[in-house]
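Secondary and tertiary structure notes
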Amino acid sequence: MISLGIFGIDAAVFAIVALLTGAGLVAIALWLAGLISPRSFNPQKGEAYECGIPTRGASMTRFSVGYYLFAILFLMFDVETVFLFPWAVKLQGLGWDGVLSVAVFFGILVLGLAYAWRKGALEWK
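Residues numbered from 1 in each chain as written. Predicted model: local features only at pLDDT ≥ 70, side-chain atom pairs only at ≥ 80, totals over all residues. Heavy atoms only, no water.

Secondary structure summary: the protein contains four helices and zero strands in total. The N-to-C order of helical and strand elements in the protein reads α-α-α-α. By the burial criterion, 6% of the 125 residues in the protein qualify as buried. When contacts within the protein are restricted to residue pairs at least 6 apart in sequence, long-range pairs at least 24 apart make up 37% of them. (Helix = DSSP H or I, 4+ residues; strand = E, 2+ residues; numbered from the N terminus. Buried < 20%, exposed > 50% of the residue type's maximum accessible area, 1.4 Å probe, protein only. Contact = heavy atoms within 4.5 Å.)

Taken together, the side chains of Phe63, Tyr67, Tyr68, Phe70, Leu113, Trp117, Leu122 and Trp124 present a nonpolar region at the surface, about 900 Å² in accessible area. Taken together, the elements giving at least two residues each to the nonpolar patch come down to α2 (65-82) and α4 (91-118). Sort the elements by how many residues they give to the nonpolar patch and α2 lands first, with three residues. Examined against the element boundaries, Trp124 turns out to sit in the segment after α4. (Patch = residues over 30% accessible without salt bridge, like charges linked within 9 Å, V, L, I, M, F, W, Y side chains within 5 Å. Areas by Shrake-Rupley, 256 points an atom, 1.4 Å probe, with all protein chains shown as cover. Salt bridge = Lys/Arg side-chain N within 4 Å of Asp/Glu carboxyl O.)

Attention now goes to the confidence of the model for the protein. Low pLDDT marks stretches whose predicted atomic positions should not be read closely. Residues of the protein with pLDDT of at least 70 account for 88%, and the chain-wide mean is 82. Mean pLDDT in the protein bottoms out at α2, which sits at 82, and peaks at helix α1 (residues 11-36), which reaches 93. (pLDDT = per-residue confidence, 0-100.)

Okay, structure coming up:
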């Protein structure tokens with residue numbers, strides 16, 4: 001049995017108590033928010049808000065898929081560069097195996113970028 005400090009509680013019991021405490025605090029916060037929130041309804045609240053300027057035309061328009069593709073490509077390359085930080089911190093301890101693995105990682109990134117470039121995903125039309 002694993003005891004937790006001076007309390008002498010079993011780890012499973014502690015985990016259950018922690019989960020129930022967290023769920024209880026969330027429930028209390030939601031209940032309080034519903035209790036003190038204003039309940040007035042105004043038709044103006046249902047309108048789209050665009051920086052205080054009244055909308056012109058339909059507010060639900062379709063965007064080109066290119067915007068979403070560009071955003072996904074940006075996020076993909078941005079998130080993958082985060083994986084380079086631990087490598088840069090531990091570079092001296094990794095040796096040539098670490099350098100080779102990051103070279104393969106960069107190669108895959110460059111191939112993905114070349115593919116997106118060739119398919120025209122990076123061009124605004």
